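# Secondary and tertiary structure notes
Here is what each chain is made of, one letter per residue.
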Amino acid sequence: EVQLLESGGSLVQPGGSLRLSCAASGFTFSSYAMSWVRQAPGKGLEWVSVISGYSDSTYYTDSVKGRVTISRDNSKNALYLQMNSLRAEDTAVYYCAKGGVASGRYIDHWGQGTLVTVSS
Amino acid sequence: QSALTQPRSVSGSPGQSVTISCTGTSSDVGGYNYVSWYQQQPGKAPKLMIYDVSQRPSGVPDRFSGSKSGNTGSLTISGLQAEDEADYYCCSYAGTYIVIFGGGTKLTVL
């Protein structure tokens, strides 16, 4: 059974930093692209970032470029999202998401989410 | 990276059919046969309902079907049931690992 367990969300001040983690199990982690998708309170889903199976490719939505870094450790079956210079508009539930195929063209499993609140 | 366009809300009575549209561009929906749909119940994580335009994952009822024409994908739910009431999001591959979501549609079962 695929399991994705996020952690690291918390209340942080504007301009602060946070590192989200996702522990994955139940599948061959290195074979799939992994993504972070966020959902602001009462809003829709927004794709944030993706990393290929062996970390050779990473992509970001425009609003987080330069502030956010996605990474993975295949030896630990772990996905990370380092977020710097946080803004109020980054407040959201952040979901760890597994690509359905290597290219990540769809998401077949989601974690339960971790809440990031950016506020003074 | 503009969000795909979905109607804000749709509704139908039990047993009826409803269709949710998802409009993009030739760079996403129209450029690939890789539209997916997700159901999200309040307070829960999204759930994959359709992938690659019309494929259903194991366990998803065949009342859910997907299609695509040009730059618009569609999700049809036939034989509406009360438990289908949820938010639905479309998503399209946009090349090189990138995906784009729609704004979401709230389905109300009357």
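Owing to the predicted nature of the structure, the values given are computational and were not obtained by experimental measurement. (Residues numbered from 1 in each chain as written. Chains lettered and ligands numbered in written order. Predicted model: local features only at pLDDT ≥ 70, side-chain atom pairs only at ≥ 80, totals over all residues. Heavy atoms only, no water.)

Okay, the overall build of chain B next. Counting its regular elements, chain B contains zero helices and nine strands. Secondary structure elements of chain B, listed N to C terminal, follow the sequence β-β-β-β-β-β-β-β-β. In summary, chain B has a C-alpha radius of gyration of 13 Å against a globular reference of 13 Å for 110 residues, a match within 12%. Counting only C-alpha atoms and orienting by the principal axes, one finds that chain B spans roughly 40 × 25 × 25 Å. Counting all 110 residues of chain B, 45% fall into the buried class. Long-range contacts, defined as pairs at least 24 residues apart, comprise 56% of the intrachain contacts of chain B with a sequence gap of at least 6. Positive and negative side-chain charges in chain B, numbering 7 and 7 respectively, have mean positions lying 2 Å apart. (Helix = DSSP H or I, 4+ residues; strand = E, 2+ residues; numbered from the N terminus. Rg over C-alpha atoms; globule rule 2.2 N^0.38 Å. Buried < 20%, exposed > 50% of the residue type's maximum accessible area, 1.4 Å probe, protein only. Contact = heavy atoms within 4.5 Å. Lys, Arg positive; Asp, Glu negative; His and termini not counted. Charge placed at Lys NZ, Arg CZ, Asp CG, Glu CD.)

Residue and element names in this part refer to chain B. Tracing the backbone shows Ser 92 in strand β7 (residues 86-93). Along the backbone, Ser 92 and Cys 22 are 70 residues apart, and their C-alpha atoms lie at a distance of 9.3 Å. Setting aside residues no more than four positions away along its own chain, Ser 92 makes contact with Leu 4, Asp 28, Val 29, Tyr 34, Ile 98, Val 99 and Ile 100.

Moving on to the nonpolar core. If you look at the biggest cluster of nonpolar residues, it comprises 26 residues, and the most contacted ones within it are Trp 36, Leu 79, Leu 81, Met 83 and Tyr 94 of chain A. Every element with two or more residues in this core is listed here: β3 (18-25), β4 (34-39), β5 (45-51), β7 (68-73), β8 (78-83), β9 (92-99) and β11 (114-118) of chain A. If you tally residues by element for this core, the top one is β3 of chain A, at four residues. Leave out the neighbours within four places in its chain, and Leu 79 of chain A touches Leu 20, Ser 21, Cys 22, Phe 29, Met 34, Ser 35, Trp 36, Ile 51, Ile 70, Ser 71, Arg 72 and Cys 96 of chain A. Counting residues in hydrophobic clusters, the runner-up holds 22 residues, among them Val 18, Val 35, Trp 37 and Tyr 88 of chain B. (Core = buried A, V, L, I, M, F, W, Y, C linked by side-chain atoms within 4.5 Å.)

To summarise the sheet geometry, strands pair through backbone hydrogen bonds and adopt either a parallel or an antiparallel arrangement. All names here are of chain B. Read from one edge of the open sheet, three strands run β2-β6-β5, paired in antiparallel fashion. Looking at which strands have only one partner, the edges of the open sheet turn out to be β2 (18-23) and β5 (64-69). Between one strand and the next, the sheet's axes are offset by a mean angle of 20°, whatever the strand orientation. As defined by bridge partners, β5 adjoins strand β6 (residues 72-77) across six bridges and the pair is classed as antiparallel. Considered in β6, the bridge of Ser 65 is made with Thr 76. (Pairing = 2+ DSSP bridges. Axes fitted to C-alpha atoms, helices over the stretch in contact; angles between N-to-C directions.)

Turning our attention to the layout of surface pockets. Empty space within the largest pocket amounts to approximately 700 Å³. Listed by contribution, the elements that provide at least two residues to the lining of the largest pocket are β5 and β9 of chain A together with β7, β8 (99-101) and β9 (105-109) of chain B. Within the lining of the largest pocket, the residues separate by chemical class into twelve nonpolar, 15 polar and six charged. (1 Å grid on protein atoms, 1.4 Å probe; cavity = no way out; pocket = protein on both sides within 12 Å on 5 of 7 lines; lining within 4 Å. Points joined across faces, edges and corners; volume = space filled by probe spheres on them. Nonpolar A, V, L, I, M, F, W, Y, C, P; charged D, E, K, R; others polar.)

It is worth spelling out the environment of Val 35 of chain B at this point. Residues and elements named next belong to chain B. Note on placement: Val 35 falls in strand β3 (residues 35-40). Residue Val 35 is classed as buried on the basis of its relative accessible area of 0%. Here the alpha-carbon distance between Val 35 and Ile 50, two residues 15 residues apart in the chain, equals 7.9 Å. Apart from the residues within four sequence positions on either side, Val 35 is in contact with Val 29, Ile 50, Tyr 51, Asp 52, Val 53, Lys 68 and Cys 91.

This paragraph deals with the interface of chain A and chain B. Taken together, the contact pairs 25 residues of chain A with 20 residues of chain B. Both faces considered, chain A and chain B share a buried interface measuring about 1900 Å² in area, 62% of it formed by carbon and sulfur atoms. At the junction of chain A with chain B, the criterion picks out one salt bridge. Residues Asp 52 of chain B and Arg 105 of chain A are paired through a salt bridge, measuring 2.8 Å at the closest nitrogen-oxygen approach. Taken together, chain A and chain B are joined by five residue pairs in polar contact (both at pLDDT 80 or more). At the level of elements, β4, β5, β6 (58-60) and β10 (107-110) of chain A are the ones that each hand at least two residues to the side of chain A that touches chain B. (Buried area = accessible area lost by both parts, 1.4 Å probe. Salt bridge = Lys/Arg side-chain N within 4 Å of Asp/Glu carboxyl O. Polar contact = N/O pair within 3.5 Å; in protein donor to acceptor, adjacent residues only side chain to side chain.)

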